[in-house]
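Structural overview
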Amino acid sequence: MDAAVKSGLLSDVRGVAAKPRNANRRSSVFSSQKGSCVSMSFGTPHSDWRLKEMKASYIKSTVHSVGASTYAETAIGSYPHAAEEKIGVLLLNLGGPETLVDVQPFLFNLFADPDIIRLPRLFQFLQKPLAQLISVLRAPKSREGYAAIGGGSPLLRITNEQAHALKCALEAKEISANVYVAMRYWYPFTDEALQQIKRDKITRLVVLPLYPQFSISTTGSSIRVLQNAFREDAYLSRLPVSIIQSWYQRPGYIKSMVDLIKKELESFSKPEEAIIFFSAHGVPVSYVEEAGDPYKDQMEECIALIMQELKSRGAYNDHILAYQSRVGPVQWLKPYTDEVLVELGQKGVKSLVAVPVSFVSEHIETLEEIDMEYRELALESGIENWARVPALNCTSSFITDLADAVMEALPSAAAMSTASSKTEDVNQDPIDYFIKMFFGSILAFALLFLPKLTTAFKNHII
Ligand SMILES: C=CC1=C(C)c2cc3[nH]c(cc4nc(cc5[nH]c(cc1n2)c(C)c5CCC(=O)O)C(CCC(=O)O)=C4C)c(C)c3C=C
Ligand SMILES: [Fe+2]
């Protein structure tokens, strides 16, 4: 946990990116949940979730502490039960540019995150100038990708759909809850969702990251932002919260993945011959080896569970796990997806089903990188039959399982922290900010254009 939610500078980038023209559309305010859950049968919604049987043993392995206390330990009763409980579920996600104009500021927000570019303490003042530089260099390539999938990321639309489906699934289980969306790098940002949670007077909150496996760079980063916001706010610091840090081992998730894989295998004339090719988003090796990111272990365990379930349903296919989407001049988790595809083709593999496994909605890396780049590479390398398993999106068994996860997490909600410590970056003096940006940019530029770095960046970023 220490490694996962390391304390440190928060580069809060709210307000740095240009305010989008249609910002209202991007509201986190899914709480009032426009649209009703018409297709599902409900009992009378009420808040007495304690009537539900809780799978306590499961909670221990999935719900972890974020503040000083461990939620599973503090458990039920640590917060005076409100006369009328108002339950909130906060979905955490990455966010994506909605238009091509959004791409560079979105990338700036991403690279300004100290959990994405991890600089030594001494060099942290370079974070934003470096982010500015890298985002400008990366933007053309990134823009091409978003243009190829229709001019923007589908992430907010799908996340909103998942939020609505989750609210309905909870209602079907007689839990009335508001579901909110907080994006890390684009609208609606965490702050907006938290303001709405306060306005709605939520009395108990479950935080559910939409990443099955924990990584410092994804769930860890979003939780760090949450922690800082909670520390600074009297209401939020007392709100009982339960954070589900990872859920890759949940049987409902594993079964839903296997359903999709089996369905895709059936599209092959000889399903047993197809290699199941798991492609996970990579992280730099240093995250795992130096910072203790559990991402690789969790990914491997997740794949083992999926394969076990597949075997139990009669599918004995060979499988492989590789990592995609590396960025920048450092070593990332290996093997790399593109290299493995070429090797498999050379070895004579003819049928392959690609399974995106680190993310539960379609996004640029499924729609462009896998469906276009990797598919083309695979076919060029001699693979003849290619298929790709769709992302879970709103698959009903998956959403129902998320609803179960929320219910199981509810009893262990506890106040996150009462300690009041401010982050260094908030309310920064504008002159200080300008000086840091100016000299930082010069230094960042000089560093970036050292010959070795230039070559590396040419290979991987530009
Ligand atoms: C589990 C999922 C993800 C991990 C781990 C992750 C780490 C990580 N990502 C970058 C850099 C980029 N990521 C980008 C997009 C992007 N990343 C994820 C998920 C994970 N990232 C998603 C779902 C998306 C797509 C969002 C969308 O708009 O659809 C991008 C931008 C796209 C591009 O230019 O390729 C970058 C850049 C790093 C450096 C990193 C770990 C350190
Ligand atoms: Fe990423």
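About the thresholds
- Residues numbered from 1 in each chain as written.
- Chains lettered and ligands numbered in written order.
- Predicted model: local features only at pLDDT ≥ 70, side-chain atom pairs only at ≥ 80, totals over all residues.
- Heavy atoms only, no water.
- UniProt positions renumbered as here; feature names shortened; annotations may be inferred.
- Bend = angle between axes of the 7 residues up to and from the residue.
- Helix = DSSP H or I, 4+ residues; strand = E, 2+ residues; numbered from the N terminus.
- Buried < 20%, exposed > 50% of the residue type's maximum accessible area, 1.4 Å probe, protein only.
- Contact = heavy atoms within 4.5 Å.
- Phe/Tyr/Trp six-rings, centres within 6.5 Å; stacked < 30°, edge-to-face > 60°.
- Lys NZ or Arg CZ within 6 Å of the ring centre and 35° of its normal.
- 1 Å grid on protein atoms, 1.4 Å probe; cavity = no way out; pocket = protein on both sides within 12 Å on 5 of 7 lines; lining within 4 Å.
- Points joined across faces, edges and corners; volume = space filled by probe spheres on them.
- Nonpolar A, V, L, I, M, F, W, Y, C, P; charged D, E, K, R; others polar.
- Near = heavy atom within 4 Å.
- Polar contact = N/O pair within 3.5 Å; in protein donor to acceptor, adjacent residues only side chain to side chain.
- Areas by Shrake-Rupley, 256 points an atom, 1.4 Å probe, with all protein chains shown as cover.
- Pairing = 2+ DSSP bridges.
- Axes fitted to C-alpha atoms, helices over the stretch in contact; angles between N-to-C directions.
- Arc of directions from axis to C-beta.
- Parallel < 35°, antiparallel > 145°, perpendicular 65-115°, else oblique.
- Left-handed = near helix turned anticlockwise from the far one by under 90°.

If you look the protein chain up in an unreviewed UniProt entry, it shows as Ferrochelatase from Trapa incisa. Listed under Catalytic activity (unreviewed entry) in UniProt, the entry text for the protein chain is "heme b + 2 H(+) = protoporphyrin IX + Fe(2+)". Of the comments in the UniProt record for the protein chain, the one headed Sequence similarities (unreviewed entry) reads "Belongs to the ferrochelatase family."

When the local axis directions of helix α13 (residues 364-380) are compared, the greatest deviation, roughly 35°, occurs at Ile370. Taken as a whole, α13 has its buried residues at Ile364, Glu365, Thr366, Glu368, Glu369, Ile370, Tyr374 and Ala378. Turning to α13, the residues buried within the fold contact α4 (127-148), β6 (275-281), β7 (319-324), α12 (337-346), β8 (351-356) and β9 (385-388).

What follows covers the packing of aromatic side chains. One pass over the full model with this rule turns up five aromatic pairs. Geometrically, the ring pair formed by Trp247 and Tyr253 is edge-to-face, given 5.3 Å between the ring centres and 90° between the ring planes. The same class applies to Trp247 and to Tyr253, which are both buried. Judged by centre distance (5.9 Å) and plane angle (35°), the ring pair of Trp247 and Phe398 falls under tilted. With Trp247 in the loop between β5 (240-244) and α9 (251-265) and Phe398 in helix α14 (residues 396-409), this pair connects stretches of sequence that are 151 residues apart. For the pair Trp247 and Phe398, one class covers both residues: buried. An aromatic cluster is defined as three or more aromatic residues linked by ring pairs; in this entry it consists of Trp186, Tyr187 and Phe189. Lying across the ring of Tyr287, Arg118 places its NZ or CZ 5.2 Å from the centre. Here the basic side chain of Arg326 rests over the ring of Tyr336, its NZ or CZ set 3.8 Å away from the ring centre.

On to empty space enclosed by the protein. The full count for this structure, using the stated rule, is five cavities of 30 Å³ or more. Space inside the largest cavity adds up to approximately 70 Å³. Only β6 and α13 provide two or more residues apiece to the lining of the largest cavity. Of the residues belonging to the lining of the largest cavity, the class tally is five nonpolar, six polar and one charged. By volume, the second largest cavity is sized at about 60 Å³. By residue class, the composition of the lining of the second largest cavity is eleven nonpolar, no polar and no charged.

This next bit is on the site of ligand 1. Around ligand 1 there are 30 residues in total, and Arg138, Ser142, Tyr146, Ser153 and His281 lie nearest to it. In the environment of ligand 1, an oxygen atom lies 2.9 Å from a nitrogen or oxygen atom belonging to the side chain of Ser153. If ligand 1 stood free it would expose 800 Å²; the protein chains cover 97% of that surface. At the level of secondary structure, the elements contributing two or more residues to the shell around ligand 1 comprise α3 (103-111), α4, α7 (216-231) and α13.

For Ile320, the location among the structural elements is in strand β7. Residue classification places Ile320 among the partly exposed residues on the basis of a relative accessible area of 25%. In this structure, the C-alpha to C-alpha distance between Ile320 and Pro188, residues 132 residues apart in sequence, is 36 Å. Look past the residues within four positions of Ile320 in its chain and what remains in contact with it is Ile275, Ile276, Phe277, Phe278, Val340 and Leu344.

A few words now on the sheet that holds β8. Judged by pairing direction, the sheet is parallel, and its four strands sit side by side in the order β7-β6-β8-β9 without closing on themselves. The sheet is open, and its two borders are formed by β7 and β9, each paired with just one other strand. Averaged over all pairs of adjacent strands, the angle between their axes in this sheet comes to 25°, without regard to strand direction. Sheet topology places β8 next to β9; four bridges connect them, and they run parallel. Its bridge partner lying in β9, Val353 is registered against Ala387. Lying on the sheet, α9 is in contact with β6, β8 and β9; it crosses β8 at an angle near 155°.

Along α12, the residues that are buried comprise Thr337, Val340, Leu341, Leu344 and Gly345. Along α12, the residues classed as buried sweep out an arc of 135° about the axis, all on the same side. Of the surrounding secondary structure, the elements contacted by the buried residues of α12 are β6, β7, β8, α13 and β9.

Another aspect to go through is the packing of α12 against α13. Following both chains from N to C, one finds α12 and α13 inclined at 25°, their axes separated by 8 Å at the closest point. Here α12 lies roughly parallel to α13, going by the angle between them. Relative to α13, the crossing made by α12 is right-handed. Contacts between α12 and α13 involve Thr337, Asp338, Leu341 and Val342 on the former and, on the latter, Tyr374, Leu377 and Ala378.

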